[in-house]
Amino acid sequence: VANVNRHEARKFPDGMLLGAATASYQVEGAWDEDGKSENIWDTLTHREPCVIAECHNGDVADNSYHLYKRDVEMMRELGLDFYRFSLSWSRILPTSFPDKINEKGVEYYNNLIDEMLKYNIQPMVTLYHWDLPQKLQDMGGWANPHIVDWFTDYSRVAFELFGDRVKYWFTINEPREVCYQGYGSASMAPLFTMSGYADYICSKNLLVAHAKVYHMYNNEFRPTQGGTIGIVVSMKWYEPVSEEHAEAAEDLTQFEWGIYANPIFSKTGDFPQVMKEKVAAKSKAQGFPRSRLPEFTPEEIELVKGSSDFLAINHYTTNMVYRNESVFGYHASPSYYDDIDVILYTDSSWEGSASPWLKVIPWGFYKLLTKIREDYDNPTIFITENGFSTRQVLVDDDRVSYYRQYLDVMLDAIEDGSDIRVYTAWSLMDNFEWLQGYTQRFGLYEVDYESPDRTRTPRKAAYVYKEIIRSRTLDFHYEPDMTLPLTI
Ligand code: GBH
């Protein structure tokens, strides 16, 4: 609200790409159609339906497998430069391996990509957004070092099939959520709660798998296909409660996303020094014969270092951090959070969303972008997700306000010299919000889950985002007329 009076309209830099994103399991549905095999979200939602809010699942989701033409129509209504979506591994390779390619699954992605290109909307493709084939999970998933080969083989198939038309590739969406939430806590499939151990093993395997795929693309495909490829890291801003807690906030930052950014984007490579020291010391005191944090070999450090053309960031929110005596014994031991020794929280005065974790703190985004510019020598940045959740509602003024405030500080960071080329709204439309089912809505379009047609209706934020893209301008004063349809 304060910003409305403060701001003149601001231009986006020339060449900046504006788009929106989704992910396969969250929108596709068709969970067992046309030869697709089961992934870890099919298994979880079927075996333990009520682990998900209101016992929802992604069996039908937004039915995008059948409604992709409507999805592309929405992209055109918004005027998107690009659309970021992910591939379902078990839809393309039902055995998990490249011995059999599922033509029907491939056809779906070909249709989607071709329909987008017809209207000059660039496909940006995530190879892995959390829906691991179940068979690979049964063999340990990301905790099994063979995942490096499995993921490389699958990715090669994707480059061969789609790389003639897809020029933007993301290997893995949010390693922290894959590894910590999936293997260290019960908040993502496979709900494997072995914190302080399995999550670290996952982190190492995932980084090596990512790097192998990066180099494979570089050597085998880039010369002919000419695209760009990198990894997507989720990054919160961690704000110390006071200056004396700055070290606690920095330690937490290194554990939460330095663990993925440092090996790739720092000059030294490898896991952050503070992580190596802290986990080694704790492990020793706990009677482990070696650190619970696995080591990279010198060859692996070199392989991973520099293995991304850009730093892709998913950013939503900020946490406060402190460390005092009360932290000792606060977290279960051994565990990831016990290794870090900090306490984090969101301030009760902060403006919220429909997701308890998501608070509106644009200054945190600004500080994050500043830190990345300084710590990693001003890398090229793609913002691959940013967005806000509501309940079911078409006039979503708080989402509009969130987007404006976050875009505003992003433009500040660009003025300061940050090299930000891409901005992506999460999400094009409401979708299956993992353990929250359909109770938390992130869409520019609302989806009606009561209707067999999964009718999509533009929210106010869709009208506002369309005008931002059309005018290449952020104007806090713009008020859309929602009585008019959103047309192409
Ligand atoms: C993104 O993750 C995902 O890439 C996307 O699939 C998802 O739909 C989107 O966010 C919106 O959530 O409930 O307290 O355990 C963003 C990072 C970190 C956000 C973990 C949710 C769960 C916190 N996510 N967080 S909690």
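Small disclaimer: the values here were computed from a predicted structure and weren't measured. Each residue is numbered by its place in its chain's sequence as written, counting from 1. This being a predicted model, a pLDDT of at least 70 is required before a residue's local features are given, and a value of 80 or more before pairs of side-chain atoms are given or counted; all residues contribute to the totals for chains, interfaces and linings. Note: side-chain values were computed over all heavy atoms of the structure, leaving out hydrogens and water.

**Concerning the overall build of the protein chain**
Part 1 of the argument: Within the protein chain, the secondary structure is distributed over 17 helices and 15 strands.
Part 2 of the argument: Computation of the radius of gyration draws on C-alpha atoms, with the globule rule given as 2.2 Å multiplied by the number of residues to the power 0.38. Whereas a compact globule of 488 residues would reach a radius of gyration of roughly 23 Å, the protein chain reaches 22 Å, a difference of no more than 12%.
Part 3 of the argument: Overall, the protein chain is about 65 × 60 × 50 Å in size when its C-alpha atoms are taken along their principal axes.
Part 4 of the argument: Burial statistics for the protein chain: of 488 residues in total, 62% are counted as buried.
Part 5 of the argument: Contacts between residues were defined by any pair of non-hydrogen atoms, one from each residue, lying within 4.5 Å. Long-range pairs, those at least 24 residues apart, make up 75% of the contacts in the protein chain between residues at least 6 apart in sequence.
Part 6 of the argument: Note that His is not counted, nor are the chain ends; the positive residues are Lys and Arg, and the negative ones are Asp and Glu. All charge positions are set by atom: Lys at NZ, Arg at CZ, Asp at CG, Glu at CD. Mean positive and mean negative side-chain charge positions of the protein chain (47 and 73 charges, respectively) differ by 2 Å. Here a strand is any run of E in DSSP of at least two residues, a helix any run of H or I of at least four, and the numbering for each starts at the N terminus. Three labels apply to residues, based on accessible area from a 1.4 Å probe with only protein chains included: buried if under 20% of the type maximum, exposed if over 50%, partly exposed otherwise in between.

**Brief notes about unusual backbone geometry**
Part 1 of the argument: For the peptide bond that leads from Ala 189 to Pro 190, omega is 10°, which places it in the cis range.
Part 2 of the argument: In this fold, Pro 190 is placed in the loop between α9 (175-183) and α10 (198-225).
Part 3 of the argument: With an omega of 15°, the peptide bond between Trp 426 and Ser 427 qualifies as cis.
Part 4 of the argument: Checked against the element boundaries, Ser 427 lands in the loop between β12 (419-426) and β13 (445-447).
Part 5 of the argument: We note that Asn 378 has phi near 50°; this positive angle belongs to a residue other than glycine.

**Considering the site of the ligand**
Part 1 of the argument: Around the ligand, the structure places 15 residues, and the nearest of them are Gln 26, His 129, Glu 174, Gln 181 and Glu 433.
Part 2 of the argument: Each polar contact in these results corresponds to two N or O atoms within 3.5 Å; when the atoms are within protein, one needs to be able to donate a hydrogen and the other to accept it, and residues that are neighboring in sequence are counted only if both atoms are side-chain atoms. At 2.8 Å from an oxygen atom of the ligand is found a side-chain nitrogen or oxygen belonging to Glu 174.
Part 3 of the argument: A distance of 3.2 Å separates an oxygen atom of the ligand from a polar atom in the side chain of Trp 426. When we say a residue is near a molecule or strand, we mean one of its heavy atoms is within 4 Å of it.

**Quick look at the confidence of the model for the protein chain**
Part 1 of the argument: For the protein chain, per-residue confidence averages 97 on the pLDDT scale, and residues scoring 70 or more make up 99% of the total.
Part 2 of the argument: Interface confidence for the predicted complex, expressed as ipTM, amounts to 0.95; the pTM equals 0.98. Scored from 0 to 100, pLDDT reflects the predictor's confidence in each residue.

**Describing the pattern of salt bridges**
When their charged atoms lie close together, side chains carrying opposite charge are able to pair.
Part 1 of the argument: Here, a salt bridge means any Lys or Arg side-chain nitrogen found within 4 Å of an Asp or Glu carboxyl oxygen. What the rule picks out here adds up to 38 salt bridges.
Part 2 of the argument: With a shortest N-O distance of 2.8 Å, Asp 430 and Arg 459 are connected by a salt bridge. Here Asp 430, found in the loop between β12 and β13, pairs with Arg 459, found in the loop between β14 (456-458) and α17 (460-471); they are 29 residues apart in sequence, far enough to count as distant.
Part 3 of the argument: For Asp 430, a relative accessible area of 0% translates into the label buried.
Part 4 of the argument: Classification of Arg 459 by relative accessible area gives buried; the value is 0%.
Part 5 of the argument: Close ionic contact of Lys 460 with Glu 479 constitutes a salt bridge, the shortest N to O distance being 3.3 Å. Of this pair, Lys 460 sits in helix α17 while Glu 479 sits in the segment after β15 (473-474); the two residues are 19 residues apart in sequence, bridging distant segments of the chain.

**A closer look at the side chain of Arg 292**
Part 1 of the argument: Position of Arg 292 relative to the elements: it lies in the loop between α12 (273-285) and α13 (298-304).
Part 2 of the argument: A polar atom in the side chain of Arg 292 sits 2.9 Å from the backbone oxygen of Gly 196.
Part 3 of the argument: Ignoring sequence-local partners within four residues, the contact set of Arg 292 consists of Gly 196, Tyr 197, Tyr 200, Val 279, Lys 282, Ser 283, Gln 286, Pro 334 and Asp 339.

**Some details on the state of the cysteines**
By definition, a disulfide links the sulfur atoms of two cysteines through a covalent bond.
Part 1 of the argument: The term disulfide is used for any two cysteine sulfur atoms that are within 2.5 Å. For the structure shown, the criterion picks out two disulfides.
Part 2 of the argument: Sulfur-sulfur distance for the disulfide between Cys 50 and Cys 55 comes to 2.1 Å. Torsion about the S-S bond of the Cys 50 and Cys 55 cystine: about 105°, corresponding to right-handed handedness.
Part 3 of the argument: One disulfide in the model links Cys 179 with Cys 202; its S-S distance is 2.0 Å.

**Details of the sheet that holds strand β9 (residues 318-322)**
Part 1 of the argument: Taken together, the three strands give an open sheet; going across it, the order is β7-β9-β10, and neighbouring strands pair in mixed fashion. Each edge of the open sheet is held by one strand with a lone partner, namely β7 (237-240) and β10 (343-345). Strand-to-strand twist of the sheet, defined as the mean angle between neighbouring strand axes without regard to direction, takes the value 35°.
Part 2 of the argument: Sheet topology note: the β9/β10 ladder contains three bridges and is antiparallel. Across the sheet, residue Val 321 finds its bridge partner in β10, namely Leu 344. A strand pair is defined by DSSP finding two or more bridges across the two strands. All axes here are fitted lines through C-alpha atoms, helices being fitted over the stretch that makes contact, and every angle between N-to-C directions spans 0 to 180 degrees.

**Notes on a nonpolar patch on the surface**
Part 1 of the argument: A patch consists of residues whose relative accessible area exceeds 30% and which take part in no salt bridge; residues with like charges are grouped when within 9 Å of each other, and nonpolar side chains (Val, Leu, Ile, Met, Phe, Trp, Tyr) when within 5 Å. In these tables, accessible area is a Shrake-Rupley quantity obtained with a 1.4 Å probe, and a residue counts as shielded only by the protein chains included in the view. Judged by side-chain polarity, Phe 192, Met 194 and Tyr 197 come together as a nonpolar surface patch covering roughly 270 Å² of accessible area.
Part 2 of the argument: Among the secondary structure elements, Phe 192 is positioned in the loop between α9 and α10.
Part 3 of the argument: Under the relative-accessibility criterion, Phe 192 is labelled partly exposed at 41%.

**Things to note about the packing of aromatic side chains**
For any pair of aromatic rings, the description rests on two quantities: the centre-to-centre distance and the angle between the ring planes.
Part 1 of the argument: Only centres within 6.5 Å qualify two rings of Phe, Tyr or Trp (six-membered ring in Trp) as a pair; their planes then separate them into stacked at under 30 degrees, edge-to-face at over 60, and tilted for everything else. Applying the stated criterion to the full structure yields 47 aromatic pairs.
Part 2 of the argument: Taking the centre distance of 5.7 Å and the plane angle of 80° together, the rings of Phe 170 and Phe 310 count as edge-to-face. Within this pair, whereas Phe 170 is found in strand β5 (residues 168-173), its partner Phe 310 is found in the loop between α13 and β8 (311-314), the two being separated by 140 residues in sequence.
Part 3 of the argument: For Phe 170, a relative accessible area of 0% translates into the label buried.
Part 4 of the argument: A relative accessible area of 2% places Phe 310 in the buried class.
Part 5 of the argument: Following the ring pairs from residue to residue traces out a cluster consisting of Tyr 25, Trp 41, Trp 130, Phe 432, Trp 434, Tyr 438 and Tyr 449.
Part 6 of the argument: By definition, being over a ring means that NZ of Lys or CZ of Arg is both within 6 Å of the ring centre and within 35 degrees of the ring normal. Sitting over the face of the ring of Tyr 119, Arg 76 holds its NZ or CZ atom 3.6 Å from the ring centroid.
Part 7 of the argument: In this structure, Arg 292 packs its charged tip against the face of Phe 288, placed 5.4 Å from the ring centre.

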